[in-house]
Amino acid sequence: MLQSYETRTLRPLKSGSSLKLTDITARATRLEAYDGHERIWLGEDHERGLTAIVAIHNTALGPALGGTRVWPHPTFEAALTDALRLSRGMTYKAAITNMPYGGGKAVIVADPRTDKTPAMLEAYAEMLAALNGQYFTGEDVGLTLADADFLRARTPNVTGTTIGGSGNPSPVTAQGVFLGIKAALRHRNGNDAMSGLRIAVQGLGSVGWSLCEKLHAEGASLVVADLDEARVRKAMETFHAEAVAGDAIVAADVDLFAPCALGGILSADTIPTLKAKIVAGAANNQLERHEDARRLMAQGVLYAPDYVINAGGLINVATELDPDGYDREAAMTKVELIPQTLSDIFRRADSDARPTNDIAQAMGEERIARARAA
Ligand code: NAD
């Protein structure tokens with residue numbers, strides 16, 4: 001019988017704490033992105049400047065695990081939608097990679113450059129502690145390794161830290177994406193040679209940069225975009241990359257497009273402009289809508305489902321929670337299964353004439369159903 005993590009009671013807050021914790025699950029049901037999520041918590045601390053959402057999607061396979069994003073969403077509804085979509089993706093990511101964890105994700109509504117203060121993170125650490133093991137977190141866009149360490153010093157439910165953890169997961173994520181790109185090339189071209197190929201990478205952050213290093217070493221010609229001009233200049237110098245402005249990179253004349261920035265880049269508007277015949281990158285929620293995968297298929301584009309190809313980071317931090325503790329070799333062995341999983345998805349998608357993300361979802365659901373039945 002599976003343990004029900006969502007029914008764990010909360011740990012009481014420190015007396016006099018200014019943090020207020022509210023169950024907003026009922027409020028979230030009104031949103032299109034709500035997908036039967038088990039529990040959604042809002043943590044508010046006006047004194048310490050915290051507005052944080054923790055969305056727990058599904059804990060059939062284990063406690064919820066997923067990073068914390070710090071982002072200045074224009075509205076609370078936009079932040080909640082982001083948390084709902086990201087946490088749902090984590091459920092399928094854990095399921096399809098055979099991790100004994102459920103899907104969860106947090107969004108702190110704030111500008112990571114100006115609003116992230118020790119007091120705010122202190123309040124967030126209290127929120128994580130109060131959730132009493134329902135949710136384990138780690139880094140995501142806007143939350144750095146130093147921030148994760150800060151939280152870990154105050155609460156145990158934080159992964160990907162240097163304190164007793166495996167450190168920054170981004171290089172492992174990049175390795176999984178690199179292997180996934182090779183699987184996509186093998187499926188499409190019959191071989192995974194990169195020399196002579198043009199590959200576009202959007203986002204030169206922790207994952208995107210590390211991926212560029214690997215692609216460049218294999219002989220690919222790079223086309224890059226980032227909002228940060230200094231990173232773009234550095235990529236032009238280091239990799240002799242060609243630069244394209246921001247979202248215009250979607251339409252670059254390349255063989256493969258690797259989105260490694262934020263989500264929603266593939267939509268009814270952008271897909272018709274794509275020239276690449278493969279999309280395989282690290283960003284979460286690359287499709288604006290689920291049905292965009294069908295648009296990609298109709299256009300003859302092979303799409304590597306984002307939560308499968310970018311699972312390296314999750315695999316790495318989940319390995320930290322193994323009873324024997326973190327073992328990098330064990331983590332890398334599991335990351336090497338990502339291309340195998342992708343090849344299975346590509347083959348099944350071809351034989352069933354269905355979009356790859358439908359197949360990935362079905363495979364994740366099969367695993368959850370098997371666990372429920374066990
Ligand atoms: P990061 O914050 O280090 O880098 C993101 C980069 O994208 C930044 O340099 C930013 O300037 C750039 N960017 C943002 N919007 C852009 C736009 N419109 N056009 C061009 N550039 C833009 O983040 P990261 O850790 O490298 O993660 C990248 C993506 O991969 C995110 O979607 C994240 O959720 C996903 N992801 C990361 C990991 C991980 O281990 N870090 C794991 C799985 C998925």
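Residues numbered from 1 in each chain as written. Predicted model: local features only at pLDDT ≥ 70, side-chain atom pairs only at ≥ 80, totals over all residues. Heavy atoms only, no water.

Participant: How should I be thinking about the nonpolar core in this particular structure?
Facilitator: Most often, soluble globular proteins keep nonpolar side chains buried together rather than apart. Residues I181, L215 and L222 are the most contacted members of the largest nonpolar core, which totals 60 residues. For this core, the leading source of residues is helix α5 (residues 170-189), giving nine residues. Taken domain by domain, the makeup of this core includes at least three residues from each of domain 1 (20-91 + 99-152) and domain 2 (170-310 + 340-366). When neighbours within four sequence positions are excluded, L215 is seen to be in contact with F178, I181, M194, I199, V201, A220 and L222. (Core = buried A, V, L, I, M, F, W, Y, C linked by side-chain atoms within 4.5 Å. Buried < 20%, exposed > 50% of the residue type's maximum accessible area, 1.4 Å probe, protein only. Helix = DSSP H or I, 4+ residues; strand = E, 2+ residues; numbered from the N terminus. Domains from an automatic or database assignment. Contact = heavy atoms within 4.5 Å.)

Participant: Explain the domain arrangement of the protein to me, please; I cannot follow it from the model alone.
Facilitator: Entries for the protein in the domain assignment read domain 1 (20-91 + 99-152) and domain 2 (170-310 + 340-366). Once you take the C-alpha centre of each, domain 1 and domain 2 turn out to be 26 Å apart. Carbon and sulfur atoms supply 39% of the area that domain 1 and domain 2 bury against each other, a total of about 730 Å² over both sides. Per-residue buried area on domain 1 facing domain 2 is highest for R85, R88 and G89; these three make up 48% of the total on that side. Where domain 1 packs against domain 2, one counts one salt bridge. Between R289 and E32 there is a salt bridge; the shortest N-O distance is 2.7 Å. Taken together, the links from domain 1 to domain 2 amount to four residue pairs in polar contact (both at pLDDT 80 or more). Those elements that place two or more of their residues in the side of domain 1 that touches domain 2 are β5 (68-71) and α2 (76-96). Its residues assigned to classes, the side of domain 1 that touches domain 2 comprises three nonpolar, one polar and six charged. (Buried area = accessible area lost by both parts, 1.4 Å probe. Salt bridge = Lys/Arg side-chain N within 4 Å of Asp/Glu carboxyl O. Polar contact = N/O pair within 3.5 Å; in protein donor to acceptor, adjacent residues only side chain to side chain. Nonpolar A, V, L, I, M, F, W, Y, C, P; charged D, E, K, R; others polar.)

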